Amino acid sequence: MHVPKHHTSTNHRDSSSDMWNDRAESEPDFSDQKCVHPQLNPYDPSIMNFYGTQAAAVNCRSAMEDWVYVTNGTFRISRRARRLHGNITCEYAPIVRGSDFSARHAPHVKPMLDGSPLHSDFFKVACVSDGGKKYMNIHSAVAWNPAVWARLVSAPNRQPNNRSALNLSVFMFGFDSLSRMAWMRLLPRTRDYYINVLGGIELSGYNIVGDGTPAALLPILTGKMEEELPEARRGFTGASTVDNHPWVWRNFSHHGYVTAHAEDMAHVGTFQYRMLGFKDQPTDHNMRTFYLAAESMYKHNPPLCLGSKPRHINFMNWFRDLFDMYRDVPKFFFGFHAEMSHDFNNEVQALDDDLVDFLKGLQEKGHLNSTLLILMADHGARFNYLRATAQGKLEERMPYFSFRFPTWFRKVHPEIVRNMEINSKRLTTPFDIHETFLDILNYTGTGMADIKKHRGVSLFKEVPKERTCSHAGVSPHWCACLEWQTVNRSDAVVVQAVQSAIRAINGYTSIARENCAKLTLLEIKHSARYVPNVKDVSIAQKLSTYRHSHLSDSFTYPPTSASAVELFQVSFKTQPGQGHFEVTCSRDVTSGVFRMSAKDINRINKYGDQPRCVRDKLPHLRPYCYCHTVLRFVLLCPH
């Protein structure tokens with residue numbers, strides 16, 4: 001089996017076998033903590049069985065070399081193209097936002113002369129040489145925006161005049177579906193540079209609070225779970241766009257920051273796939289418009305390329321251009337790259353060297369001297385075979401998250417860095433990231449975080465060792481530091497739990513029964529009962545109630561007494577469609593009644609085209625619905 005190469009800062013080994021023979025680096029000391037996350041081996045054999053050949057570097061050499069590029073908001077025709085093809089004339093078509101689901105052309109500029117300022121961040125260009133050779137492509141860059149600059153100058157709380165601010169820019173750069181272990185496996189060079197050269201701090205106790213990307217990003221960007229925000233899901237009565245959510249980039253904008261957001265898979269956008277998206281552009285610069293126009297052009301390019309440039313390089317270069325354009329302006333930038341990690345994250349290793357080069361470029365230009373650099377992921381793998389393993393289940397709940405402070409900040413605020421290093425070993429969540437962002441703008445000091453009053457706390461304060469998932473707003477289903485004891489799959493109570501879960505799923509799809517088949521049990525895969533340990537019992541008296549809305553009743557955890565409620569976690573497959581589900585449910589010991597929340601029922605294998613009949617109108621039912629139309633097709637065409 002050929003596998004990726006691993007390099008370390010000490011010896012830069014080239015043998016591919018070395019990487020997989022390595023073992024987990026020394027794990028942090030979790031002694032005396034109430035929430036202790038499992039210490040996983042990133043190269044565990046149960047995981048490595050699913051990794052095959054090393055992902056090949058993205059090769060765009062078969063494409064015509066780009067004739068056009070942009071530097072600091074200026075349109076340029078490359079000297080090499082003119083040397084090869086002679087005089088070149090270009091027509092420029094600005095691409096502007098139509099809505100959150102469409103892009104359109106503004107009036108064309110012809111000719112667009114070399115050295116002209118850009119008219120828009122995104123554009124299509126068609127060029128022809130005197131000899132008749134043609135070039136056409138779509139490009140992304142950063143244009144000078146007078147409206148943005150006017151706002152930056154006039155912002156009432158513009159740094160550094162705001163005395164309560166920490167004078168830090170923020171650049172959060174993330175990937176879809178990368179656990180902390182997967183980051184170690186697949187991005188070793190990036191991790192080595194980030195930790196050993198830049199001095200980054202990894203959060204080894206970072207725990208997700210729900211299923212999927214929205215559940216990961218909404219708490220970071222708004223401080224709230226989706227069910228706590230105004231209804232925005234397509235197909236729901238009274239649903240509206242997400243504009244009225246309390247987006248944290250607005251806080252930064254009010255304080256004189258330029259804001260930017262990029263997500264590279266427009267067709268599955270975090271806030272557009274099953275939500276209604278934004279009515280107005282949410283940030284000063286937003287790359288969604290580019291991807292709405294670009295995705296239709298991918299088929300004319302080599303795989304993962306846009307012209308002669310890899311698409312991930314184009315993504316990174318956009319942020320490089322933002323830093324160059326707004327060099328001396330406070331910034332809040334968030335880039336979320338999904339294309340090379342969303343399905344099976346093995347491909348992401350192909351951009352490891354490019355990501356190192358990107359970070360080195362920011363550092364060498366001085367952009368990181370004033371910037372809090374965050375590398376992160378939303379969750380671990382959710383749907384592939386890796387997820388079905390015991391370690392894969394835990395990895396899903398423990399994504400990569402890390403902070404890197406400028407050198408001067410470490411000297412001026414050593415107590416913040418000390419707390420961050422302590423907190424790197426404690427239970428932390430997306431809610432904490434939101435509070436930390438707010439603390440950058442209105443710094444409230446260090447000291448000890450108040451976990452009794454607040455589920456989310458600034459990581460500039462020390463997180464107490466006593467913190468548990470119940471303090472932090474993490475339900476038992478998603479908490480990676482609980483202990484579960486395997487129960488026989490044939491146990492009568494387990495069978496009842498599974499049947500209750502299937503009834504709940506069928507209850508969800510009952511509103512679309514004319515389209516969605518009623519599911520039945522195919523196979524129970526695994527079952528476990530939550531076993532409180534001494535640490536859990538010690539905090540059981542400090543009860544936290546999780547109110548689960550959306551499609552289900554609520555239940556209380558921890559239970560009011562040790563014998564009142566049992567928690568079960570069951571994994572099973574249903575038919576038709578062989579949907580593989582994992583569910584955490586509570587059982588009232590007295591009545592025998594099971595309760596569960598839609599938040600704690602997750603589909604752990606791909607559903608593909610099975611829910612196509614509800615995809616547009618009721619997208620929230622996608623994990624549960626097996627369309628009758630699919631079933632009829634299978635019956636008619638079994639092979």
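Everything below is about the structure shown above.
Residues numbered from 1 in each chain as written. Predicted model: local features only at pLDDT ≥ 70, side-chain atom pairs only at ≥ 80, totals over all residues. Heavy atoms only, no water.

Caption draft 1: Structural context of the pairing of strand 2 (residues 74-77). With burial as the criterion, only one face of strand 2 is covered, namely that bearing Phe75 and Ile77; the residues Thr74 and Arg76 on the opposite face remain uncovered. As judged from the four bridges shared by strand 1 (residues 68-71) and strand 2, these two strands associate in the antiparallel manner. Considered in strand 2, the bridge of valine 70 is made with phenylalanine 75. Where strand 1 folds back on strand 2, the antiparallel hairpin that results is connected by two residues, among which asparagine 72 adopts a positive phi of roughly 50°. (Buried < 20%, exposed > 50% of the residue type's maximum accessible area, 1.4 Å probe, protein only. Helix = DSSP H or I, 4+ residues; strand = E, 2+ residues; numbered from the N terminus. Pairing = 2+ DSSP bridges.)

Caption draft 2: Here's a closer look at the environment of leucine 522. Relative to the helices and strands, leucine 522 resides in strand 17 (residues 520-530). Remark: the alpha-carbon pair of leucine 522 and lysine 573, spanning 51 residues in sequence, is separated by 5.3 Å. Every residue in contact with leucine 522, bar those within four places of it in the chain, is listed here: Lys573, Thr574, Gln575 and Gln578. (Contact = heavy atoms within 4.5 Å.)

Caption draft 3: Here's a closer look at the sheet that holds strand 3 (residues 88-99). One open sheet accounts for four strands, arranged 4-3-5-6; its pairing is antiparallel. Of all the strands in the sheet, just strand 4 (102-105) and strand 6 (134-140) have a single pairing partner and so form its edges. Ignoring strand direction, the axes of neighbouring strands in this sheet form an average angle of 25°. Note that strand 3 and strand 4 share four bridges and pair antiparallel. Directly across from isoleucine 95, in strand 4, lies its bridge partner histidine 105. (Axes fitted to C-alpha atoms, helices over the stretch in contact; angles between N-to-C directions.)

Caption draft 4: Structural detail: helix 14 (residues 414-423). Those residues of helix 14 lying buried are Ile416, Val417, Asn419, Met420, Ile422 and Asn423. Where helix 14 is buried, its residues touch strand 8 (201-202), strand 15 (401-404) and helix 13 (407-412).

Caption draft 5: Quick look at the packing of aromatic side chains. Taken as a whole and assessed by the stated rule, the structure comprises 45 aromatic pairs. Considering the side-chain rings of phenylalanine 252 and tyrosine 257, the 4.9 Å spacing of their centres and the 80° angle between planes classify their relative orientation as edge-to-face. Taken as a pair, phenylalanine 252 and tyrosine 257 share a single burial class, namely buried. Here arginine 288 stacks its cationic end above the ring of phenylalanine 101, 5.6 Å away from the centre of that ring. One Lys or Arg, arginine 455, reaches over the ring of phenylalanine 431 and ends 4.0 Å from the middle of that ring. (Phe/Tyr/Trp six-rings, centres within 6.5 Å; stacked < 30°, edge-to-face > 60°. Lys NZ or Arg CZ within 6 Å of the ring centre and 35° of its normal.)

Caption draft 6: Representation of the pattern of salt bridges. All told, the structure shown has 33 salt bridges when counted by the stated rule. Residues arginine 397 and glutamate 396 are paired through a salt bridge, measuring 3.3 Å at the closest nitrogen-oxygen approach. Across the pair, exposure class does not vary: arginine 397 and glutamate 396 are buried alike. The network of salt bridges with common partners includes Arg387, Glu396, Arg397 and Glu582. (Salt bridge = Lys/Arg side-chain N within 4 Å of Asp/Glu carboxyl O.)

Caption draft 7: Fine view of the sheet that holds strand 8. Read from one edge of the open sheet, seven strands run 8-15-14-7-13-9-10, paired in mixed fashion. At either end of the open sheet lies a strand with only one pairing partner, and these are strand 8 and strand 10 (285-286). Inspection of the sheet shows strand 7 (residues 169-175) paired to strand 14 (residues 371-377) by seven bridges, in the parallel sense. When the sheet's bridge partners are listed, serine 169 is paired in strand 14 with threonine 371.

Caption draft 8: Structural view of the state of the cysteines. All told, the structure shown has six disulfides when counted by the stated rule. Paired by a disulfide, cysteine 60 and cysteine 305 hold their sulfur atoms 2.0 Å apart. When the S-S torsion is -95°, as for the bridge of cysteine 60 with cysteine 305, the disulfide is left-handed. Separated by 245 residues along the polypeptide, cysteine 60 in the loop between helix 2 (45-48) and strand 1 and cysteine 305 in strand 11 (residues 305-306) bring together distant segments of the chain. By relative accessible area, cysteine 60 is classed as buried at 6%. (Disulfide = S-S within 2.5 Å.)

Caption draft 9: The arrangement of helix 7 (residues 212-222) in detail. Counting buried positions along helix 7 gives 11 out of 11 residues, so the element sits mostly inside the fold. Within the sequence span of helix 7, burial applies to Gly212, Thr213, Pro214, Ala215, Ala216, Leu217, Leu218, Pro219, Ile220, Leu221 and Thr222. Among the structural elements, strand 7, helix 8 (248-254), strand 13 (331-337), strand 14, strand 15 and helix 15 (430-441) are those in contact with the buried residues of helix 7.

Caption draft 10: Structural view of the packing of helix 10 (residues 311-325) against helix 11 (residues 352-364). Axis separation between helix 10 and helix 11 bottoms out at 11 Å; the angle between their running directions is 5°. Between helix 10 and helix 11, the crossing angle belongs to the class labelled roughly parallel. In this structure, helix 10 contributes His312, Ile313, Met316, Phe319, Arg320 and Phe323 to the contact, and helix 11 contributes Asp354, Leu355, Phe358 and Leu362. Split into classes, the residues belonging to the contact of helix 10 with helix 11 amount to seven nonpolar, one polar and two charged. (Parallel < 35°, antiparallel > 145°, perpendicular 65-115°, else oblique. Nonpolar A, V, L, I, M, F, W, Y, C, P; charged D, E, K, R; others polar.)

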